[in-house]
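Overview (structure and organization)
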Amino acid sequence: MLQSSSTTVGDIIRSIGSANLCSDTPLLDCHLLLSRCLNKPKSWLLAHDEYCLTDDETQIYESLLERRIAGEPIAYILGSQGFWDMELTVTPDTLIPRPETELLIETVLATCRSAHQRVIDLGTGTGAIAIAIQRERPNWEVWATDVSAAAIAIAEKNAAEWSATGIKFLQRNWLTNLGKRKFDLIVSNPPYIEQNDRHLPALQYEPASALTASDAGMADLKTIIRQATGSLTAGGRLLLEHGYDQQTQVSDSMKNEGYTDIALLADYNHVPRAVLARWSPDRYQQEK
Ligand code: GLN
C-alpha cells in the first residue's frame, strides 16, 4: 500500500520498479495510469514530481495499478488504444489493435491507387482498419463487417469520433449475406492463433473469438480466402494478416483457390505478417 498522506508523483514513479508489475514497459504503464488518475498529461507529471496525491487520487491509482498487476492490458484499463493517427475506444468486446496491423493500411495505400475503390474490412473489431482507410481515402466506398454486435457498436462509435462517417458497418460473419456485391479490395485481420498456443494465457483478457481459430489457426483465413473469390471484382485484391509461421500456408491456400500476383509482406519487426494477392479469374481459367 502507498502511504496516502505523503505520496507524491515522484514517489510513485520511483517505486514502480518494485511493484509486482509483469510488463515490458513498467514506467510507461505508470505514467499512463497516473495521467489517467490525475487527468494530466505526462509532461505535467514530469514537471510536478512533488505533487502530493489526495487520498481519493491515491485510491484510484492503486485500483488501476492492481488491475495492471493482475495482467489486464493497459488498453482495457484506459479504454483506448492508439492506431494509425487515432486513439480508438476499445472494450473487452474487441481485440486491441496492434501496431503490426498498420502494415495492412500501408499496403492498401501503396497498392490501390485508383480514385475510387470499394473496400471491405472483415472482422473489423474496433473498426481500426476500415476507419484508417476511410480517413486516408475519403472518396472510397468502405464497408466493414463483424459477427459481434457489440464490436460493431464500438466500431461505429470510433468511426463517428474520427469523422469516418461514410463506412457501412454490418453485423455479418465474414462475407456471408452480402448479396452479389463485389469489392475491389477485401482486407482482414482475422483470428489466427492456434487454440492451444502457448501465448494465449497472456491474451486472456481479449475475446477468444477474435484471437483463435481451429485448424491450427488457419480456419478463418481459409474461409475468407474461399469466400472472397465470390466477392472480388476481376483483378480485385485480397489482403490478409496472419500469424508469424502461417505465411506459406496462406499463400498456398490463395494459389490453390486461383489467386495470382501473390506478395509476401513482413511487419516492422521483420516478421512475416501479411499476404496480398490478386483475384484474376480469367487468367486462372486460361492456365488451368
Ligand atoms: N496479432 C495478434 C497477436 O498475436 C493476434 C491478432 C489476431 O489473431 N488476428 O497477439
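Heads up: the structure comes first, above all this text.
Note that the structure is a prediction, hence the values are computed from the model and not measured.

1. Thoughts on the site of the ligand
If you check the shell around the ligand, you find Leu-95, Arg-98, Glu-100, Asn-189, Pro-190, Pro-191, Tyr-192, Ile-193, Leu-203, Ala-210, Leu-211 and Glu-241 and nothing else. A distance of 2.9 Å separates an oxygen atom of the ligand from a polar side-chain atom of Arg-98. Separating a nitrogen atom of the ligand from a backbone N or O atom of Pro-190 is a distance of 2.6 Å. Within the complex, 88% of the 300 Å² of free accessible area of the ligand lies under protein. Residues that form the shell around the ligand fall into these classes: eight nonpolar, one polar and three charged.

2. Some thoughts on helix H4 (residues 55–69)
With 15 residues, H4 should cover 21 Å at 1.5 Å per step; its first-to-last C-alpha distance of 21 Å lies within 8% of that length. Those residues of H4 that fall on the buried side of the exposure criterion are Glu-57, Thr-58, Tyr-61, Glu-62, Leu-64, Leu-65 and Arg-68. The arc enclosing the buried residues of H4, seen along the axis, measures out at 165°, which places them on a common side. Across from the buried face of H4, at angles greater than 90 degrees, the exposed residues are Asp-56, Gln-59 and Glu-66. Immediately downstream of H4, the backbone of Gly-71 shows phi near 105°, a positive value.

3. Overview of the side chain of Gln-134
Relative to the helices and strands, Gln-134 resides in helix H7 (residues 128–136). A relative accessible area of 7% places Gln-134 in the buried class. From its side chain, Gln-134 meets the backbone oxygen of Pro-138 in a polar contact 3.3 Å long. The residues contacting Gln-134, other than those within four sequence positions of it, are Trp-140, Val-142, Ala-164, Gly-166 and Ile-167.

Thresholds, definitions, all that
- Residues numbered from 1 in each chain as written.
- Predicted model: local features only at pLDDT ≥ 70, side-chain atom pairs only at ≥ 80, totals over all residues.
- Heavy atoms only, no water.
- Near = heavy atom within 4 Å.
- Polar contact = N/O pair within 3.5 Å; in protein donor to acceptor, adjacent residues only side chain to side chain.
- Areas by Shrake-Rupley, 256 points an atom, 1.4 Å probe, with all protein chains shown as cover.
- Nonpolar A, V, L, I, M, F, W, Y, C, P; charged D, E, K, R; others polar.
- Helix = DSSP H or I, 4+ residues; strand = E, 2+ residues; numbered from the N terminus.
- Expected span 1.5 Å × (residues − 1).
- Buried < 20%, exposed > 50% of the residue type's maximum accessible area, 1.4 Å probe, protein only.
- Arc of directions from axis to C-beta.
- Contact = heavy atoms within 4.5 Å.

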